[in-house]
Amino acid sequence: MGKFRGWHIVAGIAAMVLTGILGTVMGLNNTAAFMASCVAFVAVAMWMDSRITLRRRERAREAAREAARQAQEAAGQPEDGATLDVEQPKREGSGG
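Residues numbered from 1 in each chain as written. Predicted model: local features only at pLDDT ≥ 70, side-chain atom pairs only at ≥ 80, totals over all residues. Heavy atoms only, no water.

Participant: How should I be thinking about the pattern of salt bridges in this particular structure?
Facilitator: Any two side chains of opposite charge can pair, so long as their charged atoms come close to each other. Evaluated as defined, the whole model comprises five salt bridges. For the salt bridge of Arg-61 with Glu-58, the shortest nitrogen-to-oxygen distance reads 3.3 Å. Residue Arg-61 and its partner Glu-58 are both found in helix α2 (residues 30-74); the two are separated by three residues, about one turn of the helix. For Arg-61, a relative accessible area of 16% corresponds to the buried category. Where Arg-65 meets Glu-62, a salt bridge forms, and the shortest distance between an N and an O atom there is 2.6 Å. (Salt bridge = Lys/Arg side-chain N within 4 Å of Asp/Glu carboxyl O. Helix = DSSP H or I, 4+ residues; strand = E, 2+ residues; numbered from the N terminus. Buried < 20%, exposed > 50% of the residue type's maximum accessible area, 1.4 Å probe, protein only.)

Here is the structure:
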């Protein structure tokens with residue numbers, strides 16, 4: 001996915017276009033098709049953003065674990081199974 005941070009917007013726009021086309025084919029008037037498209041945009045963009053965020057958090061946790069393991073090995077300490085972990089948010093939606 002690289003450095004581009006707008007994948008959730010791209011997915012939302014694609015959902016909006018598809019929903020608009022389907023709404024028109026189903027015979028909805030322009031206002032109804034547009035409103036359905038907007039709802040699809042928001043739903044897909046938010047879902048996609050949450051999935052991307054989960055992946056990034058997991059990658060950050062793995063990097064922290066690996067750095068802690070390497071630091072422990074460099075210090076000459078035996079690995080005791082206790083690894084450092086990224087602090088978990090206190091509630092859903094905080095942190096990160």
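Participant: I'm lost on the packing of aromatic side chains in this one. Help?
Facilitator: Between two aromatic rings, the relevant description is the distance of the centres plus the angle of the planes. Inspection of every chain in the model, using the stated rule, returns one aromatic pair. Here Phe-4 and Trp-7 contribute two aromatic rings whose centre-to-centre distance is 5.0 Å and whose plane-to-plane angle is 85°, an arrangement assigned as edge-to-face. Under the relative-accessibility criterion, Trp-7 is labelled partly exposed at 34%. (Phe/Tyr/Trp six-rings, centres within 6.5 Å; stacked < 30°, edge-to-face > 60°.)

Participant: Would you mind going over a positive patch on the surface with me for this structure?
Facilitator: Taken together, the side chains of Lys-3, Arg-5, Arg-51, Arg-55, Arg-56 and Arg-59 make up a positively charged region of the molecular surface. Mapped onto the elements of the fold, Arg-51 is located in helix α2. (Patch = residues over 30% accessible without salt bridge, like charges linked within 9 Å, V, L, I, M, F, W, Y side chains within 5 Å. Areas by Shrake-Rupley, 256 points an atom, 1.4 Å probe, with all protein chains shown as cover. Lys, Arg positive; Asp, Glu negative; His and termini not counted. Charge placed at Lys NZ, Arg CZ, Asp CG, Glu CD.)

Participant: Would you mind showing me how to read the packing of helix α1 (residues 7-25) against α2 here?
Facilitator: Axes are the key here: two packed helices are described by the angle between their axes and the distance separating the axes. Contact geometry for α1 and α2: axes closest at 7 Å, N-to-C directions at 150°. On the basis of the axis angle, α1 is roughly antiparallel to α2. Relative to α2, the crossing made by α1 is right-handed. For the pair α1 and α2, the contacting residues are Trp-7, His-8, Ile-9, Ala-11, Gly-12, Ile-13, Ala-15, Met-16, Thr-19, Gly-20, Gly-23 and Thr-24 in the first and Ala-33, Phe-34, Ala-36, Ser-37, Cys-38, Ala-40, Phe-41, Val-44, Ala-45, Met-48, Asp-49 and Ile-52 in the second. Residue composition of the contact of α1 with α2, grouped by class: 16 nonpolar, seven polar and one charged. (Axes fitted to C-alpha atoms, helices over the stretch in contact; angles between N-to-C directions. Parallel < 35°, antiparallel > 145°, perpendicular 65-115°, else oblique. Left-handed = near helix turned anticlockwise from the far one by under 90°. Contact = heavy atoms within 4.5 Å. Nonpolar A, V, L, I, M, F, W, Y, C, P; charged D, E, K, R; others polar.)

Participant: Got a minute to help me understand α2 in this structure?
Facilitator: Count 3.6 residues to each turn of an α-helix, and residues three or four apart come out pointing the same way. When the terminal C-alpha atoms of α2 are compared, their 65 Å separation across 45 residues agrees well with the 66 Å that a helix rising 1.5 Å per residue should span. The complete set of buried residues in α2 reads Ala-33, Ser-37, Ala-40, Ala-45, Ile-52, Arg-61, Ala-68 and Gln-72. Contacts made by the buried residues of α2 are with α1. Looking one or two residues past α2, Gly-76 carries a phi angle of roughly 80°, positive in sign. (Expected span 1.5 Å × (residues − 1).)

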